[in-house]
Amino acid sequence: MKISKNYKKFLLLWAGELISCIGGGLTNFGLGIYIFQKTGSAAGMALLSLIGFLPMLILSVPAGVLADRYDRRLLMMIGDGLSGVGVLYILISMLSGEAAMWQIYVGVAVSSCFSALMQPAFTATVTDLLTKEEYSKANGLVSMAGSSRYLFSPLIAGLLLAVSDIKLLLIIDICTFFLTIISTAVVRNGLESKPIEKKESFFKSLKEGWQVIHSKEGLFLLILVSAAIELFLGTFQILAEPFILSFADSKTLGITETICATGMLVSGVILGGCGIKKNYAKIMSVALMFSGIFVAGFAVTRNIYLISMFGFLFFATLPIANNCLDYLARTNIPDELQGRAWGLIGFISQMGYVVAFTLSGVLADSIGKNTGRGVGVGSAAVIIVSGICLAVISISVLFIKKIHGLEACSCDGYVNMNRI
């Protein structure tokens, strides 16, 4: 099958995203270990994740508007380049002595603020480059790039931490920013930016983004369901590491995370090769139901082999679910409104992560303290409950007809509706 010129550009852009995710994963893994070793608390790791995530969430909405008003590739270069300032600040703090917790949190927050420019611009650029028929294959690769922070980064970081310390991980992450900027610049030079036909106020652009996701009830329901799902996925994301670290070292954690994330690689490659043709809502629901079952199985034992098996199966289902969700949303949004719409979609759906990052660590520590069995048992209990809830929510999607109806719709329906 012949690969189109724009798909080749997408592959170059995707390669830059892959490198960026690996570098960011090294820093995230290293800082998580660093904080857990100092505090012995799941809440400390959760706070780090919250500080890194919250600025990106808050700024994702204005970043989406900017992605529709200005050069998307330039925004990606600015966001990725300046996000390295926060990592550099943490590195300098550690080189001058042991970094204080507040210095780590400040550096993570700064990096997160600039990273917020990246995602809406990247998502909208994929739409600029590809046809509707190419979305499904591209989504599999994009999902695989996002999974690289779990697939490659933990193994690399775990091995490097066995012979060095976190400063080496930060240096490598800083170096990846240059490669990512270069790949984006090459794509930008070969891709003509779409002209802005009219200058609209920021709030009018924001209002249009809200209208496009709220006008289709099925789309808005899908976003709300996604927020609930991400609450439980975020809980697992936060507590999996302290659960394993309660009985294993960082090297074992890194190897285990890599084995688990291999599931994402396998299904991502399959999706990249053949894609999904129909029944997106049904496939998404079934995939997420099994995700919940595997999440619960992950924490029922301290046998590292069973943990790795359940983790592998869990990660294998995620690209399938993400592919379906992304397709249902993307094909119901007009191209010219993609940036602002995805900024709002990200803001609403990822509120689930905010709740998870705020409460999961505190709950795990509290259960561990009250039972006298430590943070590992507390983390396991919260993970199991989250997995069961995820499965129940996912099954309910099978009975929401308006979400299933999104497959028969397109962004043309939205445009015509607003002309009546």
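First, a word on scope: everything that follows refers to the structure included in this document. Owing to the predicted nature of the structure, the values given are computational and were not obtained by experimental measurement.

## Comments concerning the side chain of Ser 115
Argument step 1. Locating Ser 115 in the fold gives a position in helix H4 (residues 101-115).
Argument step 2. From its side chain, Ser 115 meets the backbone oxygen of Ser 111 in a polar contact 2.9 Å long.
Argument step 3. Ser 115 has contacts with Met 56, Gly 79 and Ser 83, leaving out every residue within four places of it along the chain.

## Observations concerning helix H3 (residues 72-95)
Argument step 1. End to end, H3 covers 35 Å across 24 residues, agreeing with the expected 34 Å (1.5 Å per residue, within 8%).
Argument step 2. Phi turns positive, to about 140°, at Gly 97, one or two residues after H3.

## Focus on the nonpolar core
Argument step 1. Grouped together as the largest cluster of nonpolar side chains are 76 residues, with contacts concentrated most on Ile 213, Met 284, Phe 298 and Phe 314.
Argument step 2. For this core, the element with the most residues is helix H10 (residues 217-245), which contributes 15 residues.
Argument step 3. Ile 213 has contacts with Leu 219, Phe 220, Ile 223, Ala 341, Leu 344, Ile 345 and Ile 348, leaving out every residue within four places of it along the chain.
Argument step 4. By size, the runner-up hydrophobic cluster in this structure holds 22 residues, among which are Phe 10, Leu 13, Ala 138 and Ala 145.

## Quick look at unusual backbone geometry
Argument step 1. Of note, Asn 279 is a non-glycine position whose phi angle comes to about 55°, a positive value.
Argument step 2. Positionally, Asn 279 belongs in the loop between helix H11 (250-274) and helix H12 (280-298).
Argument step 3. The class for Asn 279 is partly exposed, based on a relative accessible area of 37%.

## What about the side chain of Thr 180?
Argument step 1. In this fold, Thr 180 is placed in helix H8 (residues 166-189).
Argument step 2. A distance of 3.0 Å separates a polar side-chain atom of Thr 180 from the backbone oxygen of Thr 176.
Argument step 3. Here Thr 180 is in contact with Gly 16, Ile 19, Ser 20 and Asp 80, once residues within four sequence places are set aside.

## So, the packing of aromatic side chains
For any pair of aromatic rings, the description rests on two quantities: the centre-to-centre distance and the angle between the ring planes.
Argument step 1. Under the defined criterion, the tally for this structure stands at 11 aromatic pairs.
Argument step 2. Taking the centre distance of 6.1 Å and the plane angle of 25° together, the rings of Phe 290 and Phe 294 count as stacked. Here the residue Phe 290 and the residue Phe 294 both occupy positions in helix H12, the gap between them amounting to 4 residues, near one helical turn.
Argument step 3. Exposure remark for Phe 290: the relative accessible area of 36% places this residue in the partly exposed category.
Argument step 4. Among the residues examined, Phe 294 registers a relative accessible area of 14% and is labelled buried.
Argument step 5. Geometrically, the ring pair formed by Phe 314 and Phe 315 is edge-to-face, given 5.1 Å between the ring centres and 70° between the ring planes. Judged on exposure class, the residue Phe 314 and its partner Phe 315 are both buried.
Argument step 6. Taken together, the ring pairs connect Phe 236, Phe 243, Phe 247, Phe 298, Phe 314 and Phe 315 into an aromatic cluster.

## Concerning the pattern of salt bridges
Argument step 1. Going through the model one piece at a time under the given rule, you end up with 1 salt bridge.
Argument step 2. We note a salt bridge from Asp 165 to Lys 167, for which the minimum N-O separation is 2.8 Å.
Argument step 3. Overall, the relative accessible area of 32% leaves Asp 165 in the partly exposed class.
Argument step 4. Relative accessible area serves as the criterion here: at 24%, Lys 167 is assigned to the partly exposed category.

Conventions adopted
- Residues numbered from 1 in each chain as written.
- Predicted model: local features only at pLDDT ≥ 70, side-chain atom pairs only at ≥ 80, totals over all residues.
- Heavy atoms only, no water.
- Helix = DSSP H or I, 4+ residues; strand = E, 2+ residues; numbered from the N terminus.
- Polar contact = N/O pair within 3.5 Å; in protein donor to acceptor, adjacent residues only side chain to side chain.
- Contact = heavy atoms within 4.5 Å.
- Expected span 1.5 Å × (residues − 1).
- Core = buried A, V, L, I, M, F, W, Y, C linked by side-chain atoms within 4.5 Å.
- Buried < 20%, exposed > 50% of the residue type's maximum accessible area, 1.4 Å probe, protein only.
- Phe/Tyr/Trp six-rings, centres within 6.5 Å; stacked < 30°, edge-to-face > 60°.
- Salt bridge = Lys/Arg side-chain N within 4 Å of Asp/Glu carboxyl O.

Distances and angles like these do not, on their own, reveal function.
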